[in-house]
Amino acid sequence: MRIDIISVVPQLMSSFFEHSILKRAKDKGVAEVHIHDLRDYTLYKHKQVDDYAYGGGAGMVMMAEPIDRCISQLKSERTYDAVIYLTPDGETFNQQMANRFSLGTNLIMLCGHYKGVDERVREQFITHEISIGDYVLSGGELGAAVLADSIIRLIPGVLSDETSALTDSFQDGMLAPPVYTRPEDYKGHKVPEILLSGHEKKIQEWRYEQALERTRTRRPDLYEKLKN
Ligand code: ADE
């Protein structure tokens, strides 16, 4: 998989991609992330990429032309499965969306800033508008990092334990059950007996029950969907 991220603050992102699971994905040749500085694509003086909003009001708007030039350049080099715009008014990101995107080959992620991008960019180039939650960030970069991490870790070969992504919270619509490691007794707090029994089937049943109960108490919204 290849992910191209378009940003006005590319420095913000490079460290994240050099020091995370994404670095492992890159070293294994499974996924690569390319970060593009939008200012390299502007024809304006002083590397300007934004301007005042027509109609007035506070805040600058990202201009269409640099974004058009960057996306068009990328599209002339390869075919993309999706051109994603990170924005608080997009569809809220979830595990199902991560699963779907992880099946793709090439993705573009455009990070918004200021008041956002000129609406004509959204109409003409963007295939998916995505938010990472109901709060406003100062730019889409953290959103792009969240998407890239959650998508790339699902690609076979990225996680060392092949099955571990399948048992994550949300993969089956449930939260994950509690987990324990050594010691068996930590300051009087013991590991549940069943996990020490070696009885595979009973352990699976216990984990399922725990996951169900966790979902019921912590995420009643997900629990309701499980019942339907
Ligand atoms: N840009 C600003 N806020 C955002 C959010 N919540 N999700 C994605 N991109 C954003």
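Parameters and conventions
- Residues numbered from 1 in each chain as written.
- Predicted model: local features only at pLDDT ≥ 70, side-chain atom pairs only at ≥ 80, totals over all residues.
- Heavy atoms only, no water.
- Domains from an automatic or database assignment.
- Phe/Tyr/Trp six-rings, centres within 6.5 Å; stacked < 30°, edge-to-face > 60°.
- Buried < 20%, exposed > 50% of the residue type's maximum accessible area, 1.4 Å probe, protein only.
- Pairing = 2+ DSSP bridges.
- Helix = DSSP H or I, 4+ residues; strand = E, 2+ residues; numbered from the N terminus.
- Axes fitted to C-alpha atoms, helices over the stretch in contact; angles between N-to-C directions.
- Contact = heavy atoms within 4.5 Å.
- Near = heavy atom within 4 Å.
- Polar contact = N/O pair within 3.5 Å; in protein donor to acceptor, adjacent residues only side chain to side chain.
- Nonpolar A, V, L, I, M, F, W, Y, C, P; charged D, E, K, R; others polar.
- Salt bridge = Lys/Arg side-chain N within 4 Å of Asp/Glu carboxyl O.
- Core = buried A, V, L, I, M, F, W, Y, C linked by side-chain atoms within 4.5 Å.
- Parallel < 35°, antiparallel > 145°, perpendicular 65-115°, else oblique.
- Left-handed = near helix turned anticlockwise from the far one by under 90°.

According to the domain assignment, the chain consists of domain 1 (2-152) and domain 2 (169-227). For domain 1 versus domain 2, the separation of C-alpha centres amounts to 37 Å.

Another point: the packing of aromatic side chains. Taken as a whole and judged by the stated rule, the model has 1 aromatic pair. Seen from their ring centres, F16 and F17 are 5.1 Å apart, and the 75° between their planes marks the pair as edge-to-face. For F17, a relative accessible area of 6% gives the class buried.

Now for the sheet that holds strand 2 (residues 32-37). Strand order in the open sheet made by the 5 strands is 2-1-6-5-7, with parallel pairing throughout. A single partner strand is all that each edge strand has here, and the edge strands are strand 2 and strand 7 (128-131). Direction aside, neighbouring strands of the sheet carry axes that sit 30° apart on average. As defined by bridge partners, strand 1 (residues 2-7) adjoins strand 6 (residues 106-111) across 5 bridges and the pair is classed as parallel. Its bridge partner lying in strand 6, D4 is registered against I108. Together, strand 5 (82-92), strand 6 and strand 7 form the strand contacts of helix 4 (residues 95-102), whose direction differs from that of strand 5 by roughly 175°. Most of the contacts of helix 6 (residues 141-152) go to strand 6, to which it runs at about 160°, and overall it touches strand 1, strand 2, strand 5, strand 6 and strand 7.

Around the ligand, the neighbouring residues are L86, T87, P88, I130, S131, I132, G133, Y135, V136, L137, G139 and G140. One nitrogen or oxygen atom from the main chain of T87 is found 3.3 Å from a nitrogen atom belonging to the ligand. L137 has a polar backbone atom sitting 3.0 Å from a nitrogen atom of the ligand. Among the elements that line the shell around the ligand, the one with the most residues is strand 5, at 3 residues. Taken together, the residues of the shell around the ligand break down into 7 nonpolar, 5 polar and no charged.

A separate point is the side chain of D168. Within the secondary structure layout, D168 lies in the loop between helix 6 and strand 8 (185-186). Owing to a relative accessible area of 18%, D168 belongs among the buried residues under this scheme. A polar atom in the side chain of D168 sits 2.6 Å from the side chain of R153.

Counted under the stated rule, the structure contains 15 salt bridges. Between K227 and E224 there is a salt bridge; the shortest N-O distance is 3.4 Å. Here K227 pairs with E224, and both are found in helix 8 (residues 220-227), just 3 residues apart, close to one helical turn. Given a relative accessible area of 54%, K227 falls into the exposed group. Where salt bridges share partners, they join R2, D4 and E32 into one cluster.

This next bit is on the pairing of strand 1. Counting buried positions along strand 1 gives 6 out of 6 residues, so the element sits mostly inside the fold. In terms of strand pairing, strand 1 meets strand 2 through 6 bridges, oriented parallel. Bridge pairing links I3 to V33 in strand 2.

Ranked by size, the top nonpolar core spans 31 residues in total, and within it F101, M109 and I152 carry the most contacts. Among the secondary structure elements, those contributing two or more residues to this core are strand 1, helix 1 (11-18), helix 2 (21-27), strand 5, helix 4, strand 6 and helix 6. Counting residues per element, this core draws most heavily on helix 6, which supplies 6 residues.

It is worth spelling out the packing of helix 1 against helix 6 at this point. Closest axis-to-axis distance for the helix 1/helix 6 pair is 10 Å, and the angle between their directions is 20°. Judged by the inter-axis angle, helix 1 sits roughly parallel to helix 6. For the element pair helix 1 and helix 6, the recorded crossing hand is right-handed. Residue-level inspection shows L12, M13, F16 and F17 of helix 1 in contact with helix 6, the latter providing E141, A144, A145, A148 and D149.

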